[in-house]
Amino acid sequence: MKVTLITTGKTAFDYIKDGMAVYEKRLGRYLNFSRIEIPALKGTSSLSPEEVRKKEGELILRHIKPEDRIIILDERGDRYTSLEWAAHMGRLMDSGTKSIVFVIGGAYGFSDKVRSAAHESLSLSDMTFSHQIIRLFFEEQLYRAMTILKGEPYHNE
């Protein structure tokens, strides 16, 4: 299965980049995993949040193909325990889904077009995290799900 993570803006902190590099390498054992960083918009101080969402949404949608299953990371999304998340990923893999695109939006969230293109939404917590740190949290949870599905000892109940 091909899994892509689309993010908006560069990852600014080395500790996040380093952690992501660790999990991206580990994920390569289980999935064809890639990450696309959409460059941050320039000159946004004169734009409304809605205009920023719309422009970011256009850039996000350029990287999505009709056959992709789109899952946005959103505070209002479905919540899972790690075991439930692993089971959900397992069902997607077993269903013949060939490509999943996870999307982390910018500071103002998603445009209506991105929301309507999404097949589902996922929340990693009731807490709010920056769109930078959630990248690392997501990759760790995806890796954890893969180890759970393979019965490996990374996850302890």
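Right, let's walk through the structure included here. (Residues numbered from 1 in each chain as written. Predicted model: local features only at pLDDT ≥ 70, side-chain atom pairs only at ≥ 80, totals over all residues. Heavy atoms only, no water.)

Concerning the overall build of the protein chain
Within the protein chain one finds five helices and five strands. In sequence order, the secondary structure elements of the protein chain are arranged as β-α-β-α-β-α-β-α-β-α. In terms of C-alpha radius of gyration, the protein chain reaches 15 Å, essentially the compact-globule figure of 15 Å for 157 residues. A principal-axis box enclosing the C-alpha atoms of the protein chain has dimensions of 50 × 35 × 25 Å. (Helix = DSSP H or I, 4+ residues; strand = E, 2+ residues; numbered from the N terminus. Rg over C-alpha atoms; globule rule 2.2 N^0.38 Å.)

Remarks on the packing of helix α3 (residues 82–94) against helix α5 (residues 133–149)
Packing of α3 against α5 leaves a shortest axis separation of 8 Å and a crossing angle of 75°. By the criterion of interaxial angle, the relationship of α3 to α5 is roughly perpendicular. Of the residues in α5, those in contact with Ser82, Leu83, Trp85, Ala86, Met89, Gly90 and Met93 of α3 are Phe138, Gln141, Leu142, Arg144, Ala145, Met146, Ile148 and Leu149. Residue classes in the contact of α3 with α5 are distributed as 11 nonpolar, three polar and one charged. (Axes fitted to C-alpha atoms, helices over the stretch in contact; angles between N-to-C directions. Parallel < 35°, antiparallel > 145°, perpendicular 65-115°, else oblique. Contact = heavy atoms within 4.5 Å. Nonpolar A, V, L, I, M, F, W, Y, C, P; charged D, E, K, R; others polar.)

Here's the deal with the pairing of strand β4 (residues 99–104)
Here β4 lies mainly inside the structure; six of its six residues are buried. Of the two faces of β4, the one carrying Ser99, Val101 and Val103 and the one carrying Ile100, Phe102 and Ile104 are both buried. Pairing of strand β1 (residues 2–8) with β4 involves six bridges; the strand directions are parallel. Directly across from Lys2, in β4, lies its bridge partner Ser99. Taken together, strand β3 (residues 69–78), α3 and β4 form a β-α-β motif whose crossover is right-handed. (Buried < 20%, exposed > 50% of the residue type's maximum accessible area, 1.4 Å probe, protein only. Pairing = 2+ DSSP bridges. Right-handed = clockwise from strand over helix to strand, strands pointing away.)

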